[in-house]
Amino acid sequence: MGIRNYLIEGVSGTGKTSVCKELQRRGYHAINGDRELAYQGDPETGTRTDGVTHEHHIWHVDKVKALVANQDEAVTFFCGGSRNFSKFIDLFDGVFVLEVDLDTLNRRLDERPENEWGGKKTERELIVRLHQTKEDIPKNGIIIDATAPIEHVVDKIVRQSEEKKRQPQ
């Protein structure tokens, strides 16, 4: 939905939702993909699936494409994780990957209620494994240290997105 579009990714608990809220508070166009674009489906075909599993948490590719094609905003940030990001990652001008250390991750997950993703023991075990292996996140993103206060994390993302704007494509 922007002339420039950025994806903000990272494992659960790294701060994607908090970054999205802070970007919105500052007046940026930021989409919470986990709430606005996500559904349970096959990452390859997009066909809806029953139940709720991490492996089937995907975004509507056509919606992502339509939002990227709409250039009403100067910049749009897409915040969240999806198992089918490979289907649309090339549409973005840049990708930011939020990272935190294991202690910070565990502290953040401790604060989650049990009915929120990462609140259950089995979900936490998966998140910790994904944190260690980094298997579910884009490989070539700009790493952002998300252990800092949210204002500093967003400052860095905004600064980096502005620098990318000035670089020749």
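Residues numbered from 1 in each chain as written. Predicted model: local features only at pLDDT ≥ 70, side-chain atom pairs only at ≥ 80, totals over all residues. Heavy atoms only, no water.

With an unreviewed UniProt entry as reference, the protein chain is termed Nucleoside kinase, source organism Neobacillus cucumis.

Novice: Would you mind going over helix H4 (residues 102-110) with me for this structure?
Specialist: What sets the pattern is the α-helix's 3.6 residues per turn: residues three or four places apart point alike. When we look at burial in H4, the residues that qualify are Thr104, Leu105 and Leu109. The arc that holds the buried residues of H4, viewed along the axis, is 130 degrees, so those residues lie on one side. Turned more than 90 degrees from where H4 packs its buried face, Asp103 and Asp110 sit exposed. Buried residues along H4 sit in contact with helix H5 (121-133). With a side-chain oxygen lying 3.1 Å from the backbone nitrogen of Asp103, the N-terminal cap of H4 falls on Asp101. (Buried < 20%, exposed > 50% of the residue type's maximum accessible area, 1.4 Å probe, protein only. Helix = DSSP H or I, 4+ residues; strand = E, 2+ residues; numbered from the N terminus. Arc of directions from axis to C-beta. Contact = heavy atoms within 4.5 Å. Polar contact = N/O pair within 3.5 Å; in protein donor to acceptor, adjacent residues only side chain to side chain.)

Novice: Sorry if this is basic, but what is going on with the packing of aromatic side chains here?
Specialist: One pair of aromatic rings is described through two measures. These are the centre distance and the angle between the planes. On inspection of all chains with the given rule, the structure shows six aromatic pairs. The interplanar angle of 45 degrees and the centroid separation of 5.7 Å between the aromatic rings of Tyr6 and Phe96 together place this pair among those described as tilted. With Tyr6 in strand S1 (residues 2-9) and Phe96 in strand S6 (residues 94-99), the pair connects residues that are 90 residues apart, well separated along the chain. For the pair formed by Tyr6 and Phe96, the shared burial category is buried. Relative to Phe88, the ring of Trp59 has its centre 5.5 Å away and its plane inclined at 5 degrees; by these criteria the two rings are stacked. Taken as a pair, Trp59 in strand S4 (residues 57-59) and Phe88 in the loop between strand S5 (73-79) and S6 lie far apart in primary sequence, 29 residues in all. Take Trp59 and Phe88: they sit in the same class, and that class is buried. The structure contains a cluster of three or more aromatic residues connected by ring pairs, namely Tyr6, Tyr28, Phe77 and Phe96. (Phe/Tyr/Trp six-rings, centres within 6.5 Å; stacked < 30°, edge-to-face > 60°.)

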